[in-house]
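# Structural overview
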Amino acid sequence: MRKLSKEAFVTMGVCSKCKKPFGITVDLADERRNEYVFVWAFKINAEQAHREGYDSKTVHGGISYDPEYPGCPYCEEQAFYICGKCGSIVCWHGDREVTCPKCGNRGVVEEASSFDIRGGGY
Ligand SMILES: [Zn+2]
Ligand SMILES: [Zn+2]
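Since we're looking at a predicted model, the values are computed, not measured.

On to the sheet that holds strand β1 (residues 9-14). With mixed pairing, the seven strands of this open sheet are ordered in space as β5-β6-β1-β2-β3-β4-β9. Each end of this open sheet is capped by a strand with a single partner; those strands are β5 (80-82) and β9 (115-118). Strand-to-strand twist across the sheet, computed as the mean angle between neighbouring axes with direction ignored, equals 50°.

Printed below as a string of structure tokens:
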């Protein structure tokens, strides 16, 4: 796994298939260009996430994947969308219309080149 900088943090994702939560380790890849990289994803339950007390900071920027990024730990999908309502990262299987597995918000996936990524979230 790549070495993490001190800017690394964990954001919470939800699998759209099984609705279980997972954590994603995000690191700052390029400070000048505001580029973030998804480094790792791991299964976690909500109580665990809560106990860890992940930073509740929000960052804004582009996202790329580390070559070793495994994708959603449940369904192995790398693509994702961010729920416009609750901010969860949800693995995305290519449907244009999606329903957030966490808050039930329905929406249309739009392509974006930059994102708001929220640390913590449980
Ligand atoms: Zn998934
Ligand atoms: Zn949501």
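Mapped onto the fold, Glu31 is located in the loop between β2 (21-30) and β3 (35-43). Sequence separation between Glu31 and Lys6 is 25 residues, and the spatial gap between their C-alpha atoms is 12 Å.

This part is about the confidence of the model for the protein. Detailed reading of the predicted coordinates is not advisable wherever pLDDT is low. Mean pLDDT over the protein stands at 91; residues scoring 70 or higher make up 98%. For the protein, the element scoring lowest by mean pLDDT is helix α1 (residues 46-52), at 79; strand β7 (residues 97-99) scores highest, at 97.

Okay, the environment of Phe9 next. Positionally, Phe9 belongs in strand β1. Using a count of 22 C-beta atoms within 10 Å as the deciding quantity, one classes Phe9 as buried. Taking the C-alpha atoms as reference points, Phe9 and Gly61, 52 residues apart in sequence, are found 14 Å from one another.

Bringing the nonpolar core into the picture now. If you look at the biggest cluster of nonpolar residues, it comprises 22 residues, and the most contacted ones within it are Phe22, Ile24, Val26, Phe80, Ile89 and Val90. At the level of secondary structure, the elements contributing two or more residues to this core comprise β1, β2, β3, β5 and β6 (89-91). Once you skip the residues sitting within four places of it in the chain, Val26 turns out to touch Ala8, Phe9, Thr11, Tyr36, Phe38, Val39 and Ile117.

Sheet analysis places β1 next to β2, joined by six bridges and oriented antiparallel. Across the sheet, the residue bridging to Val10 is Thr25, located in β2. Relative to β3, β2 is paired through eight bridges, and the arrangement is antiparallel. Bridge pairing in β3 links Ile24 to Ala41.

Cut-offs applied
- Residues numbered from 1 in each chain as written.
- Chains lettered and ligands numbered in written order.
- Predicted model: local features only at pLDDT ≥ 70, side-chain atom pairs only at ≥ 80, totals over all residues.
- Pairing = 2+ DSSP bridges.
- Helix = DSSP H or I, 4+ residues; strand = E, 2+ residues; numbered from the N terminus.
- Axes fitted to C-alpha atoms, helices over the stretch in contact; angles between N-to-C directions.
- pLDDT = per-residue confidence, 0-100.
- Buried ≥ 20, exposed ≤ 12 C-beta atoms within 10 Å, placed from the backbone.
- Core = buried A, V, L, I, M, F, W, Y, C linked by C-beta atoms within 7 Å.
- Contact = placed C-beta atoms within 7 Å.

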